[in-house]
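Notes for the structure review
One letter stands for each residue in the lines below.
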Amino acid sequence: MKIRLSHADGRPLYVQIMDAVRSGLVRGSLRPEDLLPSVRELSSSLRVNPRTVSQAYAALERDGVVQVRHGKGTFVAPGVRPEEKERPRLAREVARRALADASRNGLALADLMTALREVEGGDAHGDGRKEDGR
Amino acid sequence: MTDTATAALPIDLGNGPFAVTTRGLAKQFGSTRALDGLDLQVPEGSVYVLVGPNGAGKSTLIRTLMGLVRYQDGAVSVLGRDPADRGAEVRAGIGHVPEDYRVGYAWMTVGRLLEHQAVYHPSWDAEYARGLRARYGIDPRRKCHTLSKGESRRVQLVLALAHRPPLLLLDEPTDGLDHVVRDETLSILSEHLADSPTTVVISTHRVYEVEPLVDHVGVLSEGRLLGQLPRDELYGGLLRYWADVPEGWRGPGELAGRVVRRSDAARAIEWTVWGDRDAVTRGLSQAGAAVREVAPLSVDEAAVALLSAREAT
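Treat the numbers as computed from the prediction; the structure is a model and nothing was measured.

**What to know about the nonpolar core**
All names here are of chain B. With 56 residues, the main nonpolar core has Leu-9, Val-49, Val-155, Val-217, Leu-234, Leu-238 and Val-260 as its most contacted residues. Per-element accounting of this core gives the leading share, seven residues, to helix H9 (residues 299–312). The residue makeup of this core includes at least three contributed by each of domain 1 (3–231) and domain 2 (234–312). Look past the residues within four positions of Leu-9 in its chain and what remains in contact with it is Leu-226, Gly-227, Leu-229, Leu-234, Leu-238, Val-260, Trp-274 and Leu-306.

Structure, rendered in structure tokens:
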């Protein structure tokens, strides 16, 4: 599991760890029954307080995403269905951030939606020019 | 006068249990007040960062907690004891990285120095000490007086950690360390916290270097606390608000929060406010401001906001 934390991010560190686990499930790099790094390993590699990692794992356990098996470690819960729950949840989180960013720049939802479709279609300039086809 | 009267943010952490407390602590050097009615509360098991500019009293406070400086007024409890009359017992339970990077016993080799420390600390973990020394890349045959500033700091960190004390007092622990060694030190501290129950007090004016480890914050200025609170509360309660405002806008008559810092331009404002996010946003909106963004401050930014607000008054 690869996690990159950002200290400039508006999300608290434990939420960033939770989102990284969810995103691993959605991408398929994490699967049910996988063993997650121990609190010690993860806090050492991220250089964060072990409590922050414990806090993230505990919150994920409450959400049914992971299971703590005493003496064995923390595992991805066998019953997770990333497509049904984690994907829409992660998408909403990304949408919230995009909307906040749009609002910060004085843009409305409609501006953002239009621009998303244009960029996705490769029409980054909104004038029919392709991004890479000069 | 104690802190409550002057603090911009809360300073009462409740009922504990606390590893360290001071009550109305005062210390004067000649006519200079180094500590001025300080009410410190360090919860057991917490990583508490003490932030403040040079001369704020951080080092005096740490030396007082060690029993190395005698205080004049107030009360101090460190691991349940008063360091003024039980200094040796208190120090036995503390791993200390002092402000001064020079290691005593300059003539000893590093290996000999580590063995020497083991005698004073029954809980000395020789294997851990060797492991840390090797990880820090210090040759045990080196004489202490030949160590560079950064190497001395590393040896001091090994000395502080290897007896797995219940309390670590680290005065500018990353001072003199290069980027790689500083990063390694954070990793070592994370592992140490996972392995040993420890309370940590870190004094620094470079909070960003240790920020991910921190769970309590105390901001010190002129021997007094401007705020002392859990990092998560700071993160949730001290926020920066950006808003567009009509020309000539005067702001709300009253706001459900304490404005720590304000910066107004012609048609836009940037306020740092301590208070409930929804209530403050509502208050600004009702006064005609269009709030565009609300964002938390890092511990470093929060300290800057509090300390510069203090200078402005």
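**Considerations on the domain arrangement of chain B**
Size of an interface: often given as the accessible area lost when the parts come together. All names here are of chain B. By the assigned domains, chain B splits into domain 1 (3–231) and domain 2 (234–312). Across the boundary between the two partners, domain 1 contributes 21 residues, which contact 13 residues of domain 2. Together, the buried faces of domain 1 and domain 2 total about 1,500 Å²; carbon and sulfur atoms form 70% of this surface. Counting across the interface, domain 1 meets domain 2 through zero salt bridges. Inspection of the region where domain 1 meets domain 2 yields four residue pairs in polar contact (both at pLDDT 80 or more). Of the residues belonging to the side of domain 1 that touches domain 2, the class tally is 15 nonpolar, two polar and four charged.

**Quick notes on the sheet that holds strand S14 (residues 290–296) of chain B**
Residues and elements named next belong to chain B. With antiparallel pairing, the four strands of this open sheet are ordered in space as S12-S13-S11-S14. Both outer strands of the open sheet, strand S12 (257–264) and S14, are each paired with one neighbouring strand and no more. Strand after strand, the sheet turns through a mean of 25° between neighbouring axes, direction not considered. Across six bridges, the pairing between strand S11 (residues 238–244) and S14 is antiparallel. Each bridged residue has a counterpart across the sheet, and for Ala-243 the counterpart in S14 is Val-291.

**Describing helix H1 (residues 13–27) of chain A**
Between the first and last C-alpha of H1(A) there are 21 Å, a value that for 15 residues agrees with the 21 Å anticipated at 1.5 Å per step. Along H1(A), the residues that are buried comprise Leu13(A), Gln16(A), Ile17(A), Met18(A), Asp19(A), Ala20(A), Val21(A), Arg22(A), Ser23(A), Gly24(A), Leu25(A) and Val26(A). Summarising the contacts, the buried residues of H1(A) are in contact with helix H2 (39–46), helix H3 (50–62), strand S2 (73–76) and helix H4 (82–104) of chain A together with helix H7 (231–237) of chain B. Following H1(A) by one or two positions, Gly28(A) adopts a phi angle in the positive range, close to 90°.

**Some remarks on the domain arrangement of chain A**
Residues and elements named next belong to chain A. Taken domain by domain, chain A consists of domain 1 (13–76) and domain 2 (82–120). Contacts between the two partners involve seven residues from domain 1 and, on the opposite side, nine residues from domain 2. Roughly 720 Å² of surface becomes buried between domain 1 and domain 2 when both sides are summed, with 60% attributable to carbon and sulfur atoms. Three residues stand out in domain 1 for area buried against domain 2, namely Asp-19, Arg-22 and Val-26, and they jointly supply 62% of the buried area on that side. Scanning the region where domain 1 abuts domain 2 turns up two salt bridges.

**Points about helix H4 (residues 126–135) of chain B**
Residue and element names in this part refer to chain B. Along H4, the residues that are buried comprise Tyr-128, Ala-129, Leu-132 and Arg-133. Viewed end-on, H4 has its buried residues packed into an arc of 130°, placing them on one side of the element. Those residues of H4 hidden inside the fold are in contact with helix H3 (110–120), helix H5 (149–161) and helix H6 (179–195). Following H4 by one or two positions, Gly-137 adopts a phi angle in the positive range, close to 65°.

**Quick notes on the environment of Val53(A)**
Residues and elements named next belong to chain A. Relative to the helices and strands, Val-53 resides in helix H3. Sequence spacing of Val-53 and Arg-96 is 43 residues, and the spatial spacing of their C-alpha atoms is 24 Å. Beyond its immediate chain neighbours, meaning those up to four positions away, Val-53 contacts Ile-17, Val-39, Leu-42, Ser-43 and Val-48.

**Things to note about the packing of H2(A) against H3(A)**
All names here are of chain A. For the pair H2 and H3, the least separation of the axes is 8 Å and the interaxial angle reads 125°. Judged by the angle between their axes, H2 and H3 are oblique. Here H2 and H3 pass one another in a crossing that is right-handed. Taking contact as the criterion, the partners of Val-39, Leu-42 and Ser-43 in H2 are, on H3, Pro-50, Val-53, Ser-54 and Tyr-57. When its residues are assigned to classes, the contact of H2 with H3 shows five nonpolar, two polar and no charged.

**Re the interface of chain A and chain B**
Facing the 18 residues of chain A at the interface are 21 residues of chain B. Around 1,600 Å² of area is buried between chain A and chain B when both sides are counted, 43% of it from carbon and sulfur atoms. Summed over the three residues of chain A that lose the most area to chain B, namely Arg40(A), Arg47(A) and Arg104(A), the buried surface amounts to 39% of that side. Remark: the boundary between chain A and chain B carries five salt bridges. The shortest N-O distance in the salt bridge between Glu191(B) and Arg40(A) comes to 3.5 Å. Put simply, chain A and chain B have 14 residue pairs in polar contact (both at pLDDT 80 or more) between them. Considered class by class, the residues forming the side of chain A that touches chain B number four nonpolar, eight polar and six charged.

Conventions we followed
Residues numbered from 1 in each chain as written. Chains lettered and ligands numbered in written order. Predicted model: local features only at pLDDT ≥ 70, side-chain atom pairs only at ≥ 80, totals over all residues. Heavy atoms only, no water. Core = buried A, V, L, I, M, F, W, Y, C linked by side-chain atoms within 4.5 Å. Buried < 20%, exposed > 50% of the residue type's maximum accessible area, 1.4 Å probe, protein only. Helix = DSSP H or I, 4+ residues; strand = E, 2+ residues; numbered from the N terminus. Domains from an automatic or database assignment. Contact = heavy atoms within 4.5 Å. Buried area = accessible area lost by both parts, 1.4 Å probe. Salt bridge = Lys/Arg side-chain N within 4 Å of Asp/Glu carboxyl O. Polar contact = N/O pair within 3.5 Å; in protein donor to acceptor, adjacent residues only side chain to side chain. Nonpolar A, V, L, I, M, F, W, Y, C, P; charged D, E, K, R; others polar. Pairing = 2+ DSSP bridges. Axes fitted to C-alpha atoms, helices over the stretch in contact; angles between N-to-C directions. Expected span 1.5 Å × (residues − 1). Arc of directions from axis to C-beta. Parallel < 35°, antiparallel > 145°, perpendicular 65-115°, else oblique. Left-handed = near helix turned anticlockwise from the far one by under 90°.

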